[in-house]
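In case you want the letters, here they are:
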Amino acid sequence: AKFTIVDQDTCIACGACGAAAPDIFDYDDEGLAYALLDDNEGIKEVPEIYEEDMEDAYDGCPTDSIKIAEQSFEGDPLKYE
Ligand code: F3S
């Protein structure tokens, strides 16, 4: 299983992730990205059909703000760093 979360402290609202994975990432009023599945808590498994899009978004983020792990982030983007 894969989990994802966006570190909004480093996101620069570049907008690439939502284009790569529109079912997984969206933007708040300030243009900062967040994980749609669980309101950016990183606690819900990403459905397998979206994993490839998610990886593309991960690879394309210029600030490495997208985090992916095999366990829940429990709301903390830096949990595994
Ligand atoms: Fe932010 Fe990276 Fe997406 S900078 S808008 S998390 S591609």
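As the structure is a prediction and not an experimental result, all values here were calculated from the model.

K.L.:
Mind showing me how you'd approach the overall build of the chain here?
P.N.:
A count of helical and extended segments in the chain gives 2 helices and 4 strands. Of the regular secondary structure in the chain, the N- to C-terminal order runs β-α-β-β-α-β. The principal-axis extent of the C-alpha atoms belonging to the chain is close to 30 × 25 × 20 Å. Per-residue burial over the chain gives 37% buried out of 81 residues. Once local pairs closer than 6 in sequence are excluded, the contacts in the chain between residues at least 24 apart make up 62%. Here the chain displays about 4,700 Å² of accessible surface, and carbon together with sulfur accounts for 43% of that area. Between the centroid of the 4 positive side chains of the chain and the centroid of its 23 negative side chains there is a distance of 7 Å.

K.L.:
Could you clarify how one ought to interpret the pattern of salt bridges in this entry?
P.N.:
Side-chain pairing between opposite charges can occur once the charged atoms of the two side chains come close. Within the structure shown, the criterion is met by 3 salt bridges. For Glu 55, the salt bridge is made with Lys 2, and the minimal N-O distance between the two is 3.5 Å. Residue Glu 55 is located in helix α2 (residues 51–60), and its partner Lys 2 is located in the segment before β1 (3–6); the two are separated by 53 residues in the primary sequence. For Glu 55, a relative accessible area of 28% puts it in the partly exposed group. Among the residues examined, Lys 2 registers a relative accessible area of 18% and is labelled buried. The closest approach of N and O atoms between Lys 79 and Glu 74, which form a salt bridge, is 3.3 Å.

K.L.:
Please clarify how the nonpolar core should be interpreted in this entry.
P.N.:
Across soluble globular proteins, you tend to see nonpolar side chains buried next to one another. By size, the foremost hydrophobic cluster in this structure holds 13 residues, and its most contacted members are Val 6, Cys 17, Phe 25, Ala 57 and Ile 66. If near-sequence neighbours (up to four positions away) are discounted, Cys 17 is found in contact with Phe 25, Tyr 27, Ala 33, Ala 57 and Ile 66.

K.L.:
What's the story with empty space enclosed by the protein in this structure? I'm lost.
P.N.:
Empty space among the atoms can be located by rolling a probe the size of a water molecule over them. All chains considered together, the criterion is met by 1 cavity of 30 Å³ or more. In terms of residue class, the lining of the largest cavity is made up of 12 nonpolar, 4 polar and no charged.

K.L.:
Hey, could you run me through the side chain of Lys 67 in this one?
P.N.:
Take Lys 67: it is sitting in strand β4 (residues 66–69). Owing to a relative accessible area of 11%, Lys 67 belongs among the buried residues under this scheme. Contacts of Lys 67, omitting those with residues within four sequence positions, involve Phe 3, Thr 4, Ile 5, Asp 7, Phe 73, Pro 77, Leu 78 and Glu 81.

K.L.:
What is the right way to look at the confidence of the model for the chain in this model?
P.N.:
Low-pLDDT stretches of the model should not have their predicted coordinates read in fine detail. Looking at the chain as a whole, its pLDDT mean stands at 98, while 100% of the residues score no less than 70. Across the interfaces of the predicted complex, the ipTM metric reaches 0.98, alongside a pTM of 0.97.

Rules used in this analysis
Residues numbered from 1 in each chain as written. Predicted model: local features only at pLDDT ≥ 70, side-chain atom pairs only at ≥ 80, totals over all residues. Heavy atoms only, no water. Helix = DSSP H or I, 4+ residues; strand = E, 2+ residues; numbered from the N terminus. Buried < 20%, exposed > 50% of the residue type's maximum accessible area, 1.4 Å probe, protein only. Contact = heavy atoms within 4.5 Å. Areas by Shrake-Rupley, 256 points an atom, 1.4 Å probe, with all protein chains shown as cover. Lys, Arg positive; Asp, Glu negative; His and termini not counted. Charge placed at Lys NZ, Arg CZ, Asp CG, Glu CD. Salt bridge = Lys/Arg side-chain N within 4 Å of Asp/Glu carboxyl O. Core = buried A, V, L, I, M, F, W, Y, C linked by side-chain atoms within 4.5 Å. 1 Å grid on protein atoms, 1.4 Å probe; cavity = no way out; pocket = protein on both sides within 12 Å on 5 of 7 lines; lining within 4 Å. Points joined across faces, edges and corners; volume = space filled by probe spheres on them. Nonpolar A, V, L, I, M, F, W, Y, C, P; charged D, E, K, R; others polar. pLDDT = per-residue confidence, 0-100.

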